[in-house]
There are 2 protein chains.
Amino acid sequence: VSEFERIATLFAPLAAHAPEAANLLDDTAFIKPNTGETWVVTTDAISEGVHYLPNTPPALIARKLLRTNLSDLAAKGATPRFYTLNIMLSNTLDDLWLAGFVEGLRIDQERFGITLIGGDSIAVKGAHASFSITALGIVTEPQIPLKRSGAKTGDILCVSGSIGEAAVGLHLASGHTLTTLNQEQSTYYQNRYELPEPRLVLGQALLGIATSCMDISDGLIQDADHIAKASGKELNIQLEKIPIATDIDLRKAVTHGDDYELLFTIPADNWEEAQARTALIGIKITQIGKVAEGQGVMVRDGSNNIVSFPHKGWKH
Amino acid sequence: VSEFERIATLFAPLAAHAPEAANLLDDTAFIKPNTGETWVVTTDAISEGVHYLPNTPPALIARKLLRTNLSDLAAKGATPRFYTLNIMLSNTLDDLWLAGFVEGLRIDQERFGITLIGGDSIAVKGAHASFSITALGIVTEPQIPLKRSGAKTGDILCVSGSIGEAAVGLHLASGHTLTTLNQEQSTYYQNRYELPEPRLVLGQALLGIATSCMDISDGLIQDADHIAKASGKELNIQLEKIPIATDIDLRKAVTHGDDYELLFTIPADNWEEAQARTALIGIKITQIGKVAEGQGVMVRDGSNNIVSFPHKGWKH
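All figures in this text were calculated on a predicted structure; none of them were measured in a lab. (Residues numbered from 1 in each chain as written. Chains lettered and ligands numbered in written order. Predicted model: local features only at pLDDT ≥ 70, side-chain atom pairs only at ≥ 80, totals over all residues. Heavy atoms only, no water.)

(A) Representation of a nonpolar patch on the surface in the model. On the surface, a cluster of nonpolar side chains totalling about 300 Å² of accessible area is made up of V201, L280 and I281 of chain B. Positionally, V201 of chain B belongs in helix α6 (residues 200-206). (Patch = residues over 30% accessible without salt bridge, like charges linked within 9 Å, V, L, I, M, F, W, Y side chains within 5 Å. Areas by Shrake-Rupley, 256 points an atom, 1.4 Å probe, with all protein chains shown as cover. Salt bridge = Lys/Arg side-chain N within 4 Å of Asp/Glu carboxyl O. Helix = DSSP H or I, 4+ residues; strand = E, 2+ residues; numbered from the N terminus.)

Written as structure tokens, this is what we have:
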């Protein structure tokens, strides 16, 4: 099957509802933004053997890649619109595999309201495929996108959901068992690793009330440092306030990553409003610290002792 | 060196002049389009051993990747603005190699007025690195982007420059010599392969007068078929009118690809205007055929015999 047949049969249907994609028959896509839109652009790549386990079903690989990009849009409060896809195929993958990959994209396109508008597929030498996505979303005036750089002294530091669930899921997906978990719980955790939930609705709910926001992909402690650096502030984190998965060591939970929960700062005056909005959408948020003058991240335990993390998160 | 240090020292300087990039300290970039802009989006990937020869200097790899994306923008008449970069690094590449890659980007960013606004770098298993770029450009009203789909019956089919020069260059770069060429000519052809010139000024000059346009990357015959398909027309090509490099077989020239010249259709009434505009910018354009009712590409030789091409261009 030639690349052009592949585009026509596999990928063009993913782009059928977006006139911007010109049926994938052109070199490029064409977007006409509306007045007052800020376009939020992000990109992420994954590679076989590094970012996903061998024999992962292709639909899951595709969905996780799309979702990691969607998670970045979520952290800015953006509404997803379009994405481009690069597939770098090893000769170990056939068209049936690719059809599974495309089916994964189709499912999550519908679920999250994003559409393929372009791409490129190439062959690579060796047995390891790679994939990258560049995703585009919008935030419309009077709203402005949430950034990492807006944390103010005195703001409350918050996190959504429970941290470490993906770490438990990876442990299970790698073939380990946890006797404390029943089947339903095991499936829940494994899903959290394989199919993270981009917190799009949460990010949009935080527009206008949070001062900074990012998604947790590399580990809470390491990612908190990005908000600290970008904002020129110190984040004081109370370790034992961090909500974690039941079956994981606290220190592992906050350094593992792959959570795709949102970490954000909010003025104390906005806390009640944040609670009201997040209750409406059924997402738990928890206060885990404060923003102070200074720089970097300072973690303290329940006895107010400083806790150091030689390993803060995922090493790239 | 961690990814974050790499971003700060190597990549952030490439983004320093674009507030949209937020110093590469955020998850995303933030673009505020102006009224009347159409944003043109394209993406291309390359991989070691498939798209570039081993031991190619990293600066050249970076520049060629950027230029293949710029060539797609050129074919739409777009003005380049921003790009995102994914680097999928094998463990055979060190930071010195990467510094060379970045220097190549820096040179061509300045030359073509495009700026890095985001990216991702990952490790891949195996010895073969890959790279992808998604590039964004604009066309501003009253202009509208050139597309593949606008060819009309009776239009003239034209091509810029000379076809097959990159094919000669690859031949030379692969270690062959051509005794008919002096040193200066050899260098010229090799440059044409290693550093294609995106025809940005030409594409912009064709806005408003061409009816369709694309860049030739896979081979003239194969690429012409894309215009035919997207426009629902037949392109009649007179083989011997195609301007080719002096030291190449005609059939090879029109099927090799990597030319990055523009192939476009234009109403006969606009030919004089096209000649005037392209003379001003010092680019040769040549009439090579006509648009007719029908579908696909029909190539005829000087005796009006049909010439068939079992191999029409680069197989993906």
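(B) Spatial organisation of empty space enclosed by the protein. Under the counting rule described, the total for this entry stands at two cavities of 30 Å³ or more. Of the pockets and cavities examined, the largest cavity occupies roughly 70 Å³. Looking at the largest cavity, the residues that line it are I31, P33, W39, V41 and L136 of chain A together with I31, P33, W39, V41 and L136 of chain B. Among the secondary structure elements, those contributing two or more residues to the lining of the largest cavity are β2 (37-47) of chain A together with β2 (37-47) of chain B. A volume near 50 Å³ is recorded for the second largest cavity. Residue lining of the second largest cavity: V124, K125, G126, H128 and S130 of chain A together with V124, K125, H128 and S130 of chain B, and that is the complete set. Its residues placed into classes, the lining of the second largest cavity shows two nonpolar, five polar and two charged. (1 Å grid on protein atoms, 1.4 Å probe; cavity = no way out; pocket = protein on both sides within 12 Å on 5 of 7 lines; lining within 4 Å. Points joined across faces, edges and corners; volume = space filled by probe spheres on them. Nonpolar A, V, L, I, M, F, W, Y, C, P; charged D, E, K, R; others polar.)

(C) The arrangement of the environment of T255 of chain B in detail. All names here are of chain B. Examined against the element boundaries, T255 turns out to sit in helix α8 (residues 250-256). The exposure class assigned to T255 is buried, which follows from its relative accessible area of 8%. Discounting chain neighbours no more than four positions away, the residues touching T255 are D218, G219, I221, F309, H311, K312, G313 and W314. (Buried < 20%, exposed > 50% of the residue type's maximum accessible area, 1.4 Å probe, protein only. Contact = heavy atoms within 4.5 Å.)

(D) Examining the pairing of strand β9 (residues 262-266) of chain A more closely. All names here are of chain A. The element β9 is extensively covered by neighbouring structure, given that five of its five residues are classed as buried. Alternating residues of β9 divide into L262, F264 and I266 and L263 and T265, and every residue in both groups is buried. Judged from the four bridges that link them, strand β6 (residues 156-160) and β9 form a sheet pairing that is antiparallel. Considered in β9, the bridge of V159 is made with L263. Pairing between strand β7 (residues 212-215) and β9: four bridges, direction antiparallel. Bridged to C213 within β9 is F264. (Pairing = 2+ DSSP bridges.)

(E) A look at the sheet that holds strand β5 (residues 130-140) of chain B. Reading across the sheet, the five strands line up as β1(A)-β2(B)-β5(B)-β3(B)-β4(B) and stay open at both edges, with mixed pairing between neighbours. Where the open sheet ends on each side, the last strands, each with one partner, are β1 (29-31) of chain A together with β4 (115-123) of chain B. Going across the sheet, the axis of each strand differs from the next one's by a mean of 20°, ignoring polarity. Of the pairings in the sheet, the one linking strand β3 (residues 79-89) of chain B to β5 of chain B comprises nine bridges and is antiparallel in character. Bridge pairing in β5 of chain B links L85 of chain B to I133 of chain B. Sitting on the sheet, helix α2 (residues 58-75) of chain B is in contact with β2, β3 and β5 of chain B, with an inclination near 145° to β2 of chain B. Where helix α3 (residues 95-112) of chain B meets the sheet, it contacts β3, β4 and β5 of chain B, and its direction lies at approximately 170° from that of β3 of chain B. (Axes fitted to C-alpha atoms, helices over the stretch in contact; angles between N-to-C directions.)

(F) Layout of the relation of the copies chain A and chain B. Its rotation angle being 180°, the transformation that places chain A on chain B also includes 0.0 Å of axial translation and leaves an RMSD of 0.0 Å. Both copies of the chain, as the preceding transformation shows, are related through a two-fold rotation axis. Here 98% of the contact residues of chain A are again contact residues in chain B; the copies associate through an equivalent surface. (Least-squares fit on C-alpha atoms with pLDDT ≥ 70 in both.)

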